[in-house]
Amino acid sequence: MGLKAITSSLSMNDLAHLGEGEVGYIRKMRSEEVSRCFPEAPEMGPGIDLWALFGADGTPILLTDNRSSTFYKAAEDELRTVSLH
């Protein structure tokens, strides 16, 4: 009941900016997916496991092969992190 009342009062624009500048998410990805999210990244061979940090709105922030680096960057940017599986 409470969730319905909250979501019905949010506009699409409000929802798009929810958590902006405060929340980031960390996601494991394969090198085959990189160009979709990080078009400026150099080409990589297939089958490489990488970690990415994104802003709450999906803005790519960091791509690395070291999971810990994503947490350090998020802390540096004062972002609370969540992981996506």
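What counts as what
Residues numbered from 1 in each chain as written. Predicted model: local features only at pLDDT ≥ 70, side-chain atom pairs only at ≥ 80, totals over all residues. Heavy atoms only, no water. Core = buried A, V, L, I, M, F, W, Y, C linked by side-chain atoms within 4.5 Å. Buried < 20%, exposed > 50% of the residue type's maximum accessible area, 1.4 Å probe, protein only. Helix = DSSP H or I, 4+ residues; strand = E, 2+ residues; numbered from the N terminus. Polar contact = N/O pair within 3.5 Å; in protein donor to acceptor, adjacent residues only side chain to side chain.

- The protein chain carries the name DUF1150 family protein in an unreviewed UniProt entry, which gives Ensifer adhaerens as its organism.

Examining the nonpolar core
At step 1: One finds Tyr25, Met29, Val34, Cys37, Phe38, Leu50, Ala52 and Phe54 forming the largest nonpolar core, which totals 8 residues.
At step 2: Elements with a minimum of two residues in this core: β1 (23-30), α3 (34-37) and β2 (49-55).
At step 3: If you tally residues by element for this core, the top one is β2, at 3 residues.

Regarding helix α4 (residues 67-76)
At step 1: Its side-chain oxygen at 2.9 Å from the backbone nitrogen of Ser68, Asn66 defines the N-terminal cap of α4.
At step 2: At the exit of α4 stands Glu78, carrying a positive phi of roughly 55°.

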